[in-house]
Amino acid sequence: MLFLQVFANAQKHTTLFIETESFENKGGWVIDQQFMDVMGSSFLMAHGMGIPVADASTKVSFPNKGTYHVYVRTRNWSSQWSKAEAAGLFQLAIDGKPLAKIYGKDHADWAWTDGGEITIANKEIILSLKDLTGFNGRCDAIIFTNDPLFKPVESIKILNEFRNTYFGFDRNPRDAGEFDFVIVGGGLAGTCAAISAARNGVKVALIQNRPLLGGNNSSEVRVHLGGRINLEPYPALGNLVNEIGPDEGGNAQPKSYYEDDKKLNAVLNEPNISLFLNHHANKVETENGTIKRVFATNIETGEKVIFKAPLFADCTGDGTIGRLAGAEYMTGRESKSVYNEPTAPEVGDNLTMGASVQWFSEKKEDAVTFPEIKWGMEWDEAKSEEITKGDWEWETGMGLDMTLDFEQIRDYGMLAVYSNWSYLKNKSVNKAKFANESLRWVAYIAGKRESARLKGDYVLREQDLTERLVYPDGTAPTSWTIDLHYPDPENSKLFPGAAFKSIAKHIKIYPYPIPFRCLYSKNINNLMMAGRDISVSHVALGTVRLMRTCGMMGEVLGMAASVCKKENTNPRGLYQKHFDQLEALMITGVGNPNIPNTQDYNKGGTLMEIKN
Amino acid sequence: MKLIFSIFLCLFCSSFLIYDHQERADFEVGMQNGGLFKVIALHDKHGLIDTYRANIVAPVCEDRVCYDVNLIFNWNLIGEFIDFGILSEEPLTKLDHIPFLPEDYQKLQNILRNQNLSFVKIPAAELVIKSDKPKLDGYSGATKETVKKEVIEGALYTCYTLWHIANGAVVDSIKNSTKSALDKELIAKIINQRSQTNNYFLINHLDLTSYTENIDAILSLMTQSKGYFSKNAFERIPETLFESKSVRDYIISNYVNLDYYTQKAILKKLEKVKHHPELSRFLIGQINRTNTFQNQKLIALLLHHLEGETFLGLVTNLKENSIPVSDENLEEIKKINEAYQINISEIDEL
């Protein structure tokens, strides 16, 4: 249902506020919620890869016909890199007739574009977004007002208050009910945590801010699973990863490779799980270091939902829940002096690993054109990459803030893809080779590797891994190399300070069981974590971040939740008094052990013991 | 006698080897095509098995064009593929009879030694995506992307067939052959090769008598081992040997330096054997305030192996060091104390 209300002031003026993500018909536009904590809302984006997408439309009811002033919240996303014509342009249309004003070009930041006055001739109209370029034009909200004194606010905080007042979301939050365990984040870690907990008798709410599960392994990001499962000292860990993981490997492959339904159905088959797709958790209430309630916003309707439980898990990858709760966290690279790690830099900095915007093209029977873009990066033969697929190494954002700057990071990734492709198709000396190639898929959900790491009772370090200093509270074994990414020196020469490609440096390790103390927060009593936001140094993150490992951490979290429930304790209490119970559950495992392990892809160069 | 060239990894220099077709085979191994090849064991100057060798003659088809490869394969004592040699007049060829280049031989060498390849696990019929278009990607069908990265272009089936010969049924046959020849000298030779894979072979294939005879050598492997070898080795050592002086002394001298999982494996074995008083005293000494849940494992173990003064020593340690005890262990202590009637009220609960 469209959240559309009439907001009348004392002078009987009317102001209508329309959220585009609530449009009844999205056409070819997609909902993008990745930056809503920064710019205020999810929004619609025309991700057409150079071909204008079908209109999005919705019904709008006006109390009176007449003249209205239009404001559109949008931005010119490409202007930070090019002063030429904007990438993403669109128009509004009323009952199918486009209005003259073109949006998406007037300002670099999210702001209200003044659309001037229009005449509304019917009380019921169909309002449409008409994409003009296919290059990621974006629209957050539209205001129609006949109040001469009305001016839309730019402050995000005040604008959010306005939205909440207007739609009444804060007044009427929906109570999702009582759970034993609330998991935020439906990537592989969160999904496995939910299934594991449910199968161990725990009542779970799983909150995911996309319409599907799998995170980086979903068909929205298309990174294949990596690392090994079924390793000592707990060979049964990973059975669940094997159960729900895709059979076929490969980055940036066709959608079917990622088997979204397999993960979704596995969750839907668990009666103990309540699944909340399209919900972004963005507020946390704590009391004396204990999380009491988590609030989530529906990324399509804007509705607020409240979740209550004695135990929570942050599987967001970004440490979102931990940070909102006041958990201690780490970002960037620690200096050598912090953990005495050989690979750490002498001076700490904010260099995180980046996010990948992968892509690929497919060959058509006939020649296919692609626009010669003016707003792209300057390109030439030396810069051109004569390829038809961009894999993990199309990675951007190192040194930027993976939360605050993420729209810029994702956009720069897309800009590089489009710039290269436009050159290949239109100017390259070898353009004939690419004549029949058609850009089939470019990610708009970027695949993050690193953001915030929440601090636990222990922080895993490089030498724990390389010297194999195992601890009695070991859990999921990590097996990938310590795989740290850096800006590609060649690419950096061509694009000084703005590389969009990366290189990886590897240090091999033996499988290493991650201490349970890395899986719960040091200062938030009832918060566990699984995935890339666990308690590890930047260097140690290089190995634990692989998705099969994250999935196994999830398996452990679900088991731990069942012990916490049974013993009425928190994660630290489990560690101190009941670890033997978790140990027993890890020995048994939670996934189906009878499914053959056919996932032979991307296991990594582990120092494996061959047991002849 | 026939002269052949041998192609060795990295060196890629030819050396002359001798292969005698008439030599007696130690055993024969079947191939998927129904054929057989004979394997002979080669011995060192002390008469101990050194390596295994076989002359492989097998048909290989690349896109419906077939020919017989004729190669010499070499394996080590435990069935790991070492290298291959080719007959000088019968080089390997790729699609359209293009001879292998030096780099192709080198790549094949790497392929045959690699246990982490995906394409070898795919059924042969699924290696290419069938297509009506002729000669796409050099074949009637297109080679799968994942496969392409791992094989020699134009020699997919050569790689596939030879990998399965080099790493197929022959491996178990070689292991069985070596296993049946294991004696003190051969065990010592295997240990001296300082390979973790060899060590795993030993702990998985020694019988009680061999373990008993070689226990000191086996224990010596633990301290230099990596990964989970020591844990796995202790799990394989027969329980009765845990009552021996050798194992007891090793535990007392090295326990504190072993990782948690090895310690756990030792404790598990000790559940089923009689404890020497010296060992009990040692284990009581391992209970300290820095261990948390390891303490409970040790306490539980000791409570089930009460010999002589163990109970008094254990209780004294728990009281003097204020070591908390789990509900289960405390119940057990109370039960046992009915016979001793000592003051246990000062023991802390976990």
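That block above? That's the structure.
What you see is a predicted model; the values in this text were computed from it and never measured.

(A) A look at the interface of chain B and chain A. At the junction of the two partners, chain B supplies 25 residues and chain A supplies 19 residues. Within the residue set of the side of chain B that touches chain A, elements represented by two or more residues are helix 2 (145–148), helix 6 (196–205), helix 8 (229–236), helix 10 (260–270) and helix 12 (293–303) of chain B. If you tally residues by element for the side of chain B that touches chain A, the top one is helix 6 of chain B, at five residues. Within the side of chain B that touches chain A, the residues separate by chemical class into nine nonpolar, eleven polar and five charged.

(B) Fine view of the packing of helix 6 of chain B against helix 8 of chain B. All names here are of chain B. Running from amino to carboxyl end, helix 6 crosses helix 8 at an angle of 15°, the nearest separation of the two axes being 9 Å. As far as their axial angle goes, helix 8 and helix 6 are roughly parallel. For helix 6 against helix 8, the interelement crossing comes out left-handed. The residues of helix 8 that touch helix 6, namely those facing Gln196, Asn199, Ile203 and Asn204, are Phe229, Asn232, Ala233 and Arg236.

(C) Representation of helix 14 (residues 579–588) of chain A in the model. Three or more residues of helix 14 of chain A are buried, namely Phe579, Leu582, Glu583, Leu585 and Met586 of chain A. Each buried residue of helix 14 of chain A sits inside an arc of 165° when the element is viewed along its axis, so together they form one side. Exposed residues pointing more than 90 degrees away from the buried face of helix 14 of chain A are listed as Ala584 and Ile587 of chain A. Looking at the buried side of helix 14 of chain A, the elements it contacts are strand 28 (474–478), helix 12 (547–567) and helix 13 (571–577) of chain A together with helix 12 of chain B.

(D) Geometry of the sheet that holds strand 25 (residues 437–442) of chain A. Residue and element names in this part refer to chain A. Read across the open sheet, the three strands follow the order 23-22-25; overall the sheet is antiparallel. Each end of this open sheet is capped by a strand with a single partner; those strands are strand 23 (389–390) and strand 25. Pairing between strand 22 (residues 359–363) and strand 25: five bridges, direction antiparallel. Bridging from a neighbouring strand, glutamate 362 pairs with serine 438 of strand 25.

(E) Molecular detail of the pairing of strand 28 of chain A. Residues and elements named next belong to chain A. Taking burial as the measure, the five residues of strand 28 include five buried ones, the bulk of the element. Two strands pair when backbone bridges link them, and strand 28 and strand 31 (residues 512–515) are joined in this way by three bridges, in the antiparallel orientation. Looking at the pairing, glycine 474 lines up with proline 515 of strand 31.

Rules used in this analysis
- Residues numbered from 1 in each chain as written.
- Chains lettered and ligands numbered in written order.
- Predicted model: local features only at pLDDT ≥ 70, side-chain atom pairs only at ≥ 80, totals over all residues.
- Contact = placed C-beta atoms within 7 Å.
- Helix = DSSP H or I, 4+ residues; strand = E, 2+ residues; numbered from the N terminus.
- Nonpolar A, V, L, I, M, F, W, Y, C, P; charged D, E, K, R; others polar.
- Axes fitted to C-alpha atoms, helices over the stretch in contact; angles between N-to-C directions.
- Parallel < 35°, antiparallel > 145°, perpendicular 65-115°, else oblique.
- Left-handed = near helix turned anticlockwise from the far one by under 90°.
- Buried ≥ 20, exposed ≤ 12 C-beta atoms within 10 Å, placed from the backbone.
- Arc of directions from axis to C-beta.
- Pairing = 2+ DSSP bridges.

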